[in-house]
Amino acid sequence: MKSTAAAPAPATARPAAESKAAARPRRRIRRQLVTSPWLFAAPGLAVVGIFILYPFVSTIINSFTDKRQLVEGKYVGLANFRELLHDDMFWIGLRNSTLYVLVVVPALVVLPLLLALLVQKQIPGITFFRSAFYTPVVASIVVVGLIWVWMLDERGLVNAVLEAVGAGKVGFLSDQWLLLFSAMAVTVWKGLGYYMIIYLAALANVPRELHEAAAVDGAGPVRRFVSVTIPAVRSTMVLVAALSSVAAFKVFSEVYLMAGPTGGPAGEDTTLVMLVQRTGTGLTGRVGYASAISVVIFVVTVALMLLVLRADRKEDR
């Protein structure tokens, strides 16, 4: 009786089958290397997409419509932007926001650097002063604003001191310009500690030998500050200028708390972000028009950052 057993596979077929079996784990590993980073990044990307990208795109779309609260809008093209050109409150807000940048940014670039140089020294008790200067940063802006309103009120602490020395009361919260500059002072006071920490990190990387060499050459403290310290932290100064300019142009809380929802006397202290809040909220809020103002704010803030970076590049040449 003949055997019915299958003939053995050719010798050349075995290596091919083994190579295919060995290739499967490699393909699986390559797929994991491609997909695993995206799986880890997915939660963060979802948050960015939901809370940043979607509102950004939605704002741009709404700026070309006449959308209102609870009412779907129709496409109106550039009508909202044309209306901005004839809106007095828009120009008042643009003026105040621009003035805020021109005053606050230089102060927040220079003063925190001087403060960082002061607290950089290792002397007894310096930790207390570092903590004291940083305390306003962690304090709630609402609490800070209310404290300063209480101090600058006509019956507040500052006017009480002025009356005690015979100077008379000053309308910090009733005069248009004094109110705006008071809000700027609060912004600078609250931001000093934050930017001081950034400068302290930059100053820690400045080689001590540079200061010692400048001192040997006869350079005094001011000369060493100009010739050694400023060039060493110039990139940090550019960063601080970019961050503070964007924050200053988008200021809201300080002015809102000190000037009130109306934006001070006759609304003369209204900023652009306050105008967005006032125009786009409420049951009759004009979401489309407020979105157009938001788009203008975005364009201006991007332009501010580009100007700062361009100025930095010119100095590098």
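Refer to the structure printed above.
These lines cover the structure that appears in this document, whether it is placed above or below.

Each value, and the rule that gives it
- Residues numbered from 1 in each chain as written.
- Predicted model: local features only at pLDDT ≥ 70, side-chain atom pairs only at ≥ 80, totals over all residues.
- Heavy atoms only, no water.
- 1 Å grid on protein atoms, 1.4 Å probe; cavity = no way out; pocket = protein on both sides within 12 Å on 5 of 7 lines; lining within 4 Å.
- Points joined across faces, edges and corners; volume = space filled by probe spheres on them.
- Helix = DSSP H or I, 4+ residues; strand = E, 2+ residues; numbered from the N terminus.
- Nonpolar A, V, L, I, M, F, W, Y, C, P; charged D, E, K, R; others polar.
- Core = buried A, V, L, I, M, F, W, Y, C linked by side-chain atoms within 4.5 Å.
- Buried < 20%, exposed > 50% of the residue type's maximum accessible area, 1.4 Å probe, protein only.
- Contact = heavy atoms within 4.5 Å.
- Phe/Tyr/Trp six-rings, centres within 6.5 Å; stacked < 30°, edge-to-face > 60°.
- Lys NZ or Arg CZ within 6 Å of the ring centre and 35° of its normal.

1. A look at the layout of surface pockets
And then number 1: Roughly 560 Å³ of internal volume is contained in the largest pocket.
And then number 2: Around the largest pocket, the lining comprises 16 residues; the ones closest to its centre are Leu117, Gln120, Lys121, Arg208 and His211.
And then number 3: Elements supplying a minimum of two residues to the lining of the largest pocket: helix 3 (88-119), helix 8 (208-216) and helix 9 (221-232).
And then number 4: In terms of residue count, helix 9 provides more of the lining of the largest pocket than any other element does, four residues in total.
And then number 5: Considered class by class, the residues forming the lining of the largest pocket number eight nonpolar, four polar and four charged.
And then number 6: The volume enclosed by the second largest pocket comes to roughly 280 Å³.
And then number 7: A class-by-class count of the residues in the lining of the second largest pocket yields nine nonpolar, three polar and two charged.

2. Some remarks on the nonpolar core
And then number 1: If you look at the biggest cluster of nonpolar residues, it comprises 60 residues, and the most contacted ones within it are Leu84, Tyr100 and Ile293.
And then number 2: Of all the secondary structure elements, the ones that give two or more residues to this core are helix 2 (79-85), helix 3, helix 5 (141-152), helix 7 (176-203), helix 10 (234-249), helix 11 (253-259), helix 12 (272-280) and helix 13 (287-316).
And then number 3: In this structure, leucine 84 is in contact with Phe90, Trp91, Tyr289, Ala292, Ile293 and Val296, ignoring residues within four places of it in sequence.

3. Observations regarding the packing of aromatic side chains
Two descriptors summarise a pair of aromatic rings, namely the distance from one centre to the other and the angle between the planes of the rings.
And then number 1: By the definition in use, this model includes seven aromatic pairs.
And then number 2: Ring geometry for phenylalanine 56 against phenylalanine 298: centres 5.1 Å apart, planes inclined by 65°, an arrangement best described as edge-to-face. You can see phenylalanine 56 sitting in helix 1 (residues 13-62) and its partner phenylalanine 298 sitting in helix 13, a full 242 residues away along the chain.
And then number 3: Measuring from centroid to centroid gives 5.5 Å for phenylalanine 128 and phenylalanine 129, while their planes differ by 75°, and the two rings are edge-to-face.
And then number 4: Exposure remark for phenylalanine 129: the relative accessible area of 43% places this residue in the partly exposed category.
And then number 5: Above the ring of tyrosine 289, the side-chain terminus of arginine 286 is found at 4.5 Å from the ring centroid.

Interpretation in functional terms is not warranted from these geometric data alone.
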